[in-house]
Amino acid sequence: MPAAKIAPSKTAGSSQSPLLSLWKAYYESTSTRLKTIDAFLVFLMLSGIIQFLYCVLITNFPFNAFLAGFASCVGQFVLAASLRAQVNPANRSEFKDVSPERAFADFALGSIVLHFFVYNFLG
Amino acid sequence: MPLAYSLPSDLSPATVTNTSSLLRIIALALISGAAIASRLFAVVNFESIIHEFDPWFNYRATKVLAEKGFYAFWNWFDHTAWYPLGRVVGGTIYPGLMATSGVIYNVLHALNLPVDIRNICVLLAPGFSALTAWSTYMFTKELKDESAGLLAAAFIGIAPGYISRSVAGSYDNEAIAIFLLMFTFYSWIKALKTGSAFFGTLTALFYFYMVAAWGGYAFITNMIPLHALTLILMGRFSSRLYVAYSSWYAIGTLASMQVPFVGFQPVRTSEHMAALGVFGLLQIVAFAELVRAHVSSRQFQSILFGSVIVIGVLGVLAFAGLTYKGWIAPWTGRFYSLWDTGYAKKYIPIIASVSEHQPTAWPSFFMDLQFLIFLFPAGVILCFRELRDEHVFVIIYAVVASYFAGVMVRLMLTLTPVVCVAAAVAFSSLLDTYIDPVEPEVSEVAVPVTGGDSSAASPATVDGAVSSKKAKKAAAAVADASSTGIASGIVAAIGGQSKSPKARGIFGLDTRFLIVVNALGMLLFFVLHCTYVTSSAYSSPSVVLASQNPDGSQHIIDDFREAYYWLRQNTPQDAVVMSWWDYGYQIAGMADRPTLVDNNTWNNTHIATVGKAMSSPEEVAYPILRKHDVDYVLIIFGGLIGYSGDDINKFLWMVRIAQGVWPDEIQEPNYFTPKGEYRIDDAASPTMKNSLMYKMSYYRFAELFGGSQAVDRVRGQQVPKTGPTLDYLDEAFTSENWIVRIYQVKKEDLLGRDLKTANAFANGKKRKKSKPLARRKALA
Amino acid sequence: MLLLLPLLALLSIPFCLAAPSAESAHEQLVKLAAANNGLIKLDDNLYNLLTHPNRNWSASIHLTALDPRRRCAPCKEFDPSFTAVAKAWSQVPKPQRDNHFFATADFDDTMATFQRLGLQSAPVVHIHLPVEGDRRPASGRTAPIVYDFSNGFDAGPLAEQLSVYTPVPIPYKAPIDWAKYGTAVGVGLIILSGIRVFLPILRSRWAWAAGTVITSLVMTSGFMFVRIRGMPQSGANGQWIAPGYQNQFGQEVQVVSFIYGLLSAAFLMLTLVTPYQTQPYRQRAQIYLWSGVILVMFSVLISLFRVKNRGYPFKLLL
C-alpha cells in the first residue's frame, strides 16, 4: 500500500537517532529466515511503487494489466507479510493452530490462487 | 454431587464422543431433508415449473449455457430483449447461478444421468438450502458449540424468511447466494480465529463465487471491513486479523474484478472503498506494531502513533478528493437509497416501484421468523457476554441487517441467517442450563463449577434409543462443557468478568421438565407455523394461480401460460410484443417473442416510453407503437376474477416513470379525480379514461355482464356501461379469466386515412369535416 | 391603497378576451409582482389577466384557502414554501424575471375561479406555460400543468420542479437551519467537555449491548416502515392497530417492541439469572413465573398477529 510506504520516511524526517536504534534492534534481534522474507517484502514494495509511478506518470492504458501487475505485488506482499507474522517466534502464542510448515503451505496455496487470477486478468 | 436424574455410568468417553458425532451427522442429514422437503410444496401443489419473473430469464440463459456451451453464453447478444436495442447478456449478468446449474448439468450427463435442465433449475434452490443449513451449522459451531449449530441449521432450514426466496422453482440468484454468504462468513470467522492464510484464501474464493452470483455481495464487501475496523477500534488488533483480512482482500478483490459485470468497480466506486481503506489502515497498524516490538522508546512510540493518525486523516482526505474529482464514483442510487430512504422515490421511481423494495411492517417480520424474532435480542445479549472476535461480528451483523431488513422487504433475506444464529445461541443456552443433570448444593458453601469436565455430564443423555430431537439435546449436554457453563450471570457479567463464586444450577426435576416441555412446544409451534406459511404464502409460482372452488377443491388458473402459448403459436417469430416491464422476461421465456422492455431495468428512458404509450390517449400512443414496430400489446387485467397484481394497479407507476422523462406531457394528478381519488368508474378523470391502458383493460368488459352492472372486483368499483372504444388496436386474444389481454396494433390505413376516420367510416358514421386534415398531416 | 387604482380599472374590464392587450397586462403584472416580493395576490380578474390567452409569459399559480374558517392545514403548511420560492425568483435579473410570475389565489378572493376550475381541494399549484413567444411549448399545450405534491410541501423540491418551466432555474437556497446546527454543536461540545464522564459509557460493553438490542428491537417492529411511509402515531377514532397485513401505525412499534423485549428478557432471566438462585423454592417460583410470562406474552403476540393477518390458523391461550 502506498500509505504504508510513507510511514518510514515521515518518521525519518522527525528523528534520526531513534531510527538508527530501530535499525540496530531489528538487525540484532531478527533471525536470518525473517530477514530473507523482509528482503523479499522490500523488493515487492519497490516493484509495486515502480508500477504505480508508471501508471500515474506515463499511462494507465491497459488498466487491467496494470491492476493485475500491481495486485500481484500487493497480494504477494501481504501474503509474504502474513507468512512472516506466522513464522515469527514472537507471535507463537497468537498462532496456535498454524505451525511454520503449515504457514508455508498456506502461503504457497494463496500465491497460486493469486497468480491464477493475475494471469487471467492480464488479458 | 447430587444429580437431578440418574446417568448411565458404564459408558466409556470414546463411546460417548462417537455416538454424539454419529447423532450429529444423522441430525444434519435429517435437517437437510426437511429443508429440501419443505421447499417442494410448489412442485407438489402445482408442477415442476419456473416461478415469477426473473427466474424465467435465468432459466432461458441457463438453457443457452447448457445447449451451446460456456463461450457462446459468454458472448451471447440477445436481440429479442429491449427491442430494438438488444442486450449484451454476458456482460450484464451475474453468471454464478447459470454456471452452477451448467456444471451440475454437465456432471450429471457425464454420469449418464439424462436430467432435464429445467428440473435442475427448479430444484437448485432447495438443494442449496441444505448446503445453507450446513454452513450455518459450521458458523454457529464457531460461535458457541455443536448443539447451537444444529439448532441454527434447523432454524434456517425451515425459516420462512429464507424459504420465501428459495422454494423449488424460484430459480434466482438468491437461491445460491445465501449459502455463499454464510460460507464466506464462516471461513472469515475461521480465518480470523486461527490466523490461517488458507482460510483467508478460502474466504476470498467464496467471496469471488458470491460476486459472480449476486449483486448483494456488497454486503460482504462492507461487513468484513466493518468488523475489522471495529476490532481495531476496540484495541483488538492482532496478527491473525492482519493475516485473515489481507489475504481475503488482496485475493478477493482481484478475483471479483474477473466478473465482467463488476469490472473495475472495486477500485472505482465508493461501495468498495471502505474495504480498501481498512486494508490500508491494517498495513499501517501492522507496520507500527512491528516497529513497536523492536523499539521501546516512549518518544518514538508517540511519534509513531501520531504518524499513524496523520496518515489515516490523509487517506480520508485523499478519498474525498478523488471522489470530488470524479475518479471514484459516488454511491450508486440503489445503495444510496438504503440510507436516504426518500431518495429512490424522488429520483429513481423504477427502483421505488418494485414491491420488494418497500419498507417492512412488523407482521412481515413475525410471519417470516416467528419466535426467532424475539429470541434474537436474547442471543445478541449472550454474544455480548462472551464477546470474542466472532461475537463482535454477529453483533455488527445483527444491527446492520435489522436496519436493512426494516428498510427493504427484500433484505429480510440477509437478516434471516443472523436471526437464526443468534436465536439458536439463546435457545441452546437455555437448554444447556436446564438439561444439565447436576444440581447445586443447597448449602451456602461455594461449590466448584462443574463445567470443565464434559464426561461427567454427557453420558447421561446419550441414551440408546434416541430420535433426532433427542440427539440435539444430547449434543447440547455434551457441549455444555464449553464456555457457557462457566459462571458469569448477569450480575457477575455487569460487575466485570470476574467469575462469580456462587454455584450455578437448577434444583428439582419438575422445573427442568417445565422448561424443556415449554421449549419443545415452541419448537413444535415453529414447525407448524413454518409449514403453514410456506405452503400457503410462499409456494405460489405466480405464473399459475390457484383458487378454491366452493366445494374446497383446488382450481388452477392458468391464464398466463395460455396467453403466452397463444403468442407462441399464433404470431410470427419476430412479432414485437409490448408490455409493462414486469412481464418482459416471461414473454421472452415462454412466448419466445421480442419485447420492448423487461425486468432488467437498465434503460429508464425506454421504460418511460412504454409508460408514456400506456398512459397517453390512443392517437398519441399510436405513433410511439408504430415507431417501435410493436405488433402486439399485452396487458394484465384482474378485474374479472379479482387478481390484484394487475396493470391498472401498477398504472400509477407507469405514469410516474413517464412523467420523470416527459414532465410536460404526462402528469400524475391528471389521473386522479378532482378529489384526489384513483377511480375507474364513471367518475374517473378524462385523462384516465382516455389512456390506452384504461381502454385496453375495460374494452368490452361491460358486455360480459349482459345488461347488469359491471363491477371491477379488484377496485370494487362499477365500470361504466358504455365501455371505451379502440380505433388503433384490435383485440387479438383474451385469456379464459381475462387476466391476460393481447391487442394487435393496426397497420396504417391503406387509403392514408387516419385510423379513427377509417373506423368511423367502416361503422357507417359520417366523418367530421374539420378534424381529419390536421391529423393526417401529423401522422405523415 | 396603491393597488386600488389598477384594480378598479380592471374591474371595469369585461371578461371578453380582447380587452386588455397582452402587453399592457404584462406591464401591470410586472408592477404587481415588484410591489409584493415577487408574489402577486390574485382576484378573479387578475387571474384572468395572468392566464391571458395571448400571454408570452409563464406563471405559477398557487390556489389555496388560507382563511382560518376554511381549516386547511396543508394550505398553511405549504404557503411559506411557495412564498419563499417566489421571493427567490425576485432576485433573478429583470429580463428573465418578468417572463415568469408567481401568484397566490386565495379561495375567499377567487371563488368564481375556483368554481370554474372545479377545484374542491387545496392547495394546488398550476403552471401556465406561455402561449406565444419562443418559450411556447412544442406541444402547443395551453392547459395548466398541475404540480405534483408527491415530494411533500417543502420549498426545495418545489423550486427544483418549477425550475423546469422557468426561463432560468430558480435560485432558491434553503435557509440555513441555525437551530439545528446550534443544537448539533452544543451536543458536540457537551460530549467533548464531558468526555471523562462519557468514556466509561463508551467503553462499557453493556451500554453497547443495550444500544444494539434496542436498535434491533425497534427495527424489527417496523420503525422504518412508519418513518418512510410517514404513518401517523395512531389512526382516527383512537384505533391503534392499522388494519391490513402490510400496514401499521406508529404505536404498534412501541407495543410490539415492548412485547419482543419482554419475551427476550424472560428468556435471558431463565438462562442467566435463575440458575444463581440458591434457594430451591425461590428458584422454582422464578422459573414458573418466567415461563408463565413467556406463555402469556407469546399468546398476546399471536393474537395481535391474528388481528393483522386474519387467515392465520394458530392460536395459543388467547
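All values derive from a computational prediction rather than experimental measurement.

## Comments concerning the overall build of chain C
And step 1. A tally of regular secondary structure across chain C gives 13 helices and 5 strands.
And step 2. For chain C, the C-alpha radius of gyration of 30 Å lies well beyond 20 Å, the compact-globule estimate for 318 residues.
And step 3. Its C-alpha atoms give chain C principal-axis dimensions of roughly 100 × 55 × 40 Å.
And step 4. Across the 318 residues of chain C, 42% fall into the buried class.
And step 5. Residue pairs in contact within chain C that sit at least 24 positions apart in sequence constitute 63% of those at least 6 positions apart.
And step 6. As presented, chain C carries roughly 16600 Å² of accessible surface, and 63% of it is formed by carbon and sulfur atoms.

## As for the overall build of chain B
And step 1. Broken down by element type, chain B carries 35 helices and 10 strands.
And step 2. A total of 780 residues make up chain B; the buried ones form 59% of that total.
And step 3. Restricting the contact set of chain B to residue pairs at least 6 apart, pairs at least 24 apart contribute 72%.

## Here we look at the packing of aromatic side chains
And step 1. Under the defined criterion, the tally for this structure stands at 72 aromatic pairs over all chains.
And step 2. With centroids separated by 5.7 Å and ring planes inclined at 85°, the aromatic side chains of Phe 155 of chain B and Phe 526 of chain B adopt a geometry described as edge-to-face. Separated by 371 residues along the polypeptide, Phe 155 of chain B in helix α7 (residues 146-158) and Phe 526 of chain B in helix α26 (residues 509-536) bring together distant segments of the chain.
And step 3. Using a relative accessible area of 1% as the deciding quantity, one classes Phe 526 of chain B as buried.
And step 4. Measuring from ring centre to ring centre gives 5.8 Å for Tyr 532 of chain B and Phe 314 of chain C, while their planes differ by 85°; the resulting arrangement is edge-to-face. Here Tyr 532 of chain B is found in helix α26, whereas its partner Phe 314 of chain C is found in the segment after α13 (280-308) on a different chain.
And step 5. Members of the aromatic cluster, joined through ring pairs, are Trp 362, Phe 366, Phe 374, Phe 525 and Tyr 532 of chain B together with Phe 267, Phe 298, Phe 305, Tyr 312 and Phe 314 of chain C.
And step 6. Above the ring of Phe 63 of chain A, the side-chain terminus of Arg 268 of chain B is found at 4.7 Å from the ring centroid.

## Structural notes on the interface of chain B and chain C
And step 1. Between chain B and chain C, the contact holds 78 residues from the first and 70 residues from the second.
And step 2. Carbon and sulfur atoms make up 69% of the surface buried where chain B meets chain C, a total of about 6700 Å² over both sides.
And step 3. Applying the counting rule to chain B against chain C returns 1 salt bridge.
And step 4. A salt bridge links Arg 284 of chain C to Asp 510 of chain B, with the nearest nitrogen and oxygen atoms 3.2 Å apart.
And step 5. The interface formed by chain B and chain C holds 13 residue pairs in polar contact (both at pLDDT 80 or more) in total.
And step 6. Elements represented by at least two residues in the side of chain B that touches chain C include exactly α17 (343-347), α19 (362-369), α20 (372-386), α21 (389-407), α22 (412-435), α25 (490-494) and α26 of chain B.

## Looking at the sheet that holds strand β6 (residues 630-636) of chain B
All names here are of chain B.
And step 1. Spatially, the 4 strands line up as an open sheet ordered β5-β6-β10-β9, and their pairing is mixed. Of all strands in the sheet, those with a lone pairing partner are β5 (576-578) and β9 (729-734), marking the two edges. Each strand axis lies, on average, 30° off the axis of its neighbour in the sheet, ignoring direction.
And step 2. Pairing of β9 with strand β10 (residues 740-745), which is carried by 5 bridges, proceeds in the antiparallel orientation. When the sheet's bridge partners are listed, Phe 733 is paired in β10 with Ile 742.

## Some points on the UniProt feature "transmembrane region" (unreviewed entry) in chain C
Residues and elements named next belong to chain C.
And step 1. According to UniProt, the "transmembrane region" (unreviewed entry) feature falls on residues 178-199, 206-226, 255-275 and 287-307.
And step 2. Structurally, residues 178-199 is divided into 95% helix and 0% strand, and its ends, taken at the C-alpha atoms, are 29 Å apart.
And step 3. Strand forms 0% of residues 255-275 and helix 90%; the C-alpha atoms that close the span are 30 Å apart.

## Concerning unusual backbone geometry
All names here are of chain B.
And step 1. Of note, the amide linkage connecting Tyr 83 to Pro 84 takes the cis form, showing an omega dihedral of 0°.
And step 2. Here Pro 84 lies in the loop between β1 (77-78) and β2 (87-88).
And step 3. For Glu 52, which is not a glycine, the phi torsion comes out positive at approximately 50°.
And step 4. On the secondary structure map, Glu 52 appears in the loop between α2 (41-45) and α3 (54-68).

## Section: the pattern of salt bridges
And step 1. Under the counting rule described, the total for this entry stands at 32 salt bridges over all chains.
And step 2. Taken together, the shared-partner salt bridges connect Glu 142, Lys 190, Lys 193, Glu 386, Arg 388 and Glu 390 of chain B into one network.

## Focus on the environment of Arg 135 of chain C
All names here are of chain C.
And step 1. With respect to the helices, strands and loops of the structure, Arg 135 is situated in the loop between β4 (124-128) and β5 (145-146).
And step 2. In sequence terms Arg 135 and Leu 272 are 137 residues apart; their C-alpha atoms lie 75 Å from each other.
And step 3. When neighbours within four sequence positions are excluded, Arg 135 is seen to be in contact with Ser 58, Asn 99, His 100, Pro 130, Tyr 165, Thr 166 and Pro 167.

## A closer look at the sheet that holds strand β1 (residues 39-42) of chain C
Residue and element names in this part refer to chain C.
And step 1. Strand order across the open sheet formed by 5 strands is β1-β3-β2-β4-β5, with mixed pairing between neighbours. Looking at which strands have only one partner, the edges of the open sheet turn out to be β1 and β5.
And step 2. As paired strands, β1 and strand β3 (residues 100-106) are joined by 4 bridges and run parallel to one another. Paired with Leu 42 across the two strands is Ala 105, which belongs to β3.

## With respect to the pairing of strand β3 (residues 545-548) of chain B
Residue and element names in this part refer to chain B.
And step 1. Taken together, the 4 bridges between β3 and strand β4 (residues 554-557) define a ladder with antiparallel strand orientation. By the bridge assignment for β4, Ala 546 is matched with Ile 556.
And step 2. Between β3 and β4, which pair antiparallel and follow one another directly, the connecting turn spans 5 residues, one of which, Gly 552, has a positive phi of 95°.

## Here's the deal with the packing of α7 of chain B against α22 of chain B
Residues and elements named next belong to chain B.
And step 1. Where α7 meets α22, the closest approach of the two axes is 8 Å, and the angle between their N-to-C directions is 135°. One way to sum up the angle between α7 and α22 is to call them oblique. In this structure, the crossing between α7 and α22 has a hand that is right-handed. Two secondary-structure elements touch here, α7 through Ser 147, Ala 148, Leu 151, Ala 152, Phe 155 and Ile 156 and α22 through Pro 417, Cys 420, Val 421, Ala 423, Ala 424, Val 425, Phe 427, Ser 428 and Asp 432.
And step 2. Residue composition of the contact of α7 with α22, grouped by class: 12 nonpolar, 2 polar and 1 charged.

## Concerning the UniProt feature "domain: STT3/PglB/AglB core" (unreviewed entry) in chain B
And step 1. If you check UniProt for "domain: STT3/PglB/AglB core" (unreviewed entry), the listed places come out as residues 574-625 of chain B in our numbering.
And step 2. Along residues 574-625 of chain B, the helical share is 54% and the strand share 6%, with 15 Å between the first and last C-alpha atoms.

Here is what the cut-offs are and how they apply
- Residues numbered from 1 in each chain as written.
- Chains lettered and ligands numbered in written order.
- Predicted model: local features only at pLDDT ≥ 70, side-chain atom pairs only at ≥ 80, totals over all residues.
- Heavy atoms only, no water.
- Helix = DSSP H or I, 4+ residues; strand = E, 2+ residues; numbered from the N terminus.
- Rg over C-alpha atoms; globule rule 2.2 N^0.38 Å.
- Buried < 20%, exposed > 50% of the residue type's maximum accessible area, 1.4 Å probe, protein only.
- Contact = heavy atoms within 4.5 Å.
- Areas by Shrake-Rupley, 256 points an atom, 1.4 Å probe, with all protein chains shown as cover.
- Phe/Tyr/Trp six-rings, centres within 6.5 Å; stacked < 30°, edge-to-face > 60°.
- Lys NZ or Arg CZ within 6 Å of the ring centre and 35° of its normal.
- Buried area = accessible area lost by both parts, 1.4 Å probe.
- Salt bridge = Lys/Arg side-chain N within 4 Å of Asp/Glu carboxyl O.
- Polar contact = N/O pair within 3.5 Å; in protein donor to acceptor, adjacent residues only side chain to side chain.
- Pairing = 2+ DSSP bridges.
- Axes fitted to C-alpha atoms, helices over the stretch in contact; angles between N-to-C directions.
- UniProt positions renumbered as here; feature names shortened; annotations may be inferred.
- Parallel < 35°, antiparallel > 145°, perpendicular 65-115°, else oblique.
- Left-handed = near helix turned anticlockwise from the far one by under 90°.
- Nonpolar A, V, L, I, M, F, W, Y, C, P; charged D, E, K, R; others polar.

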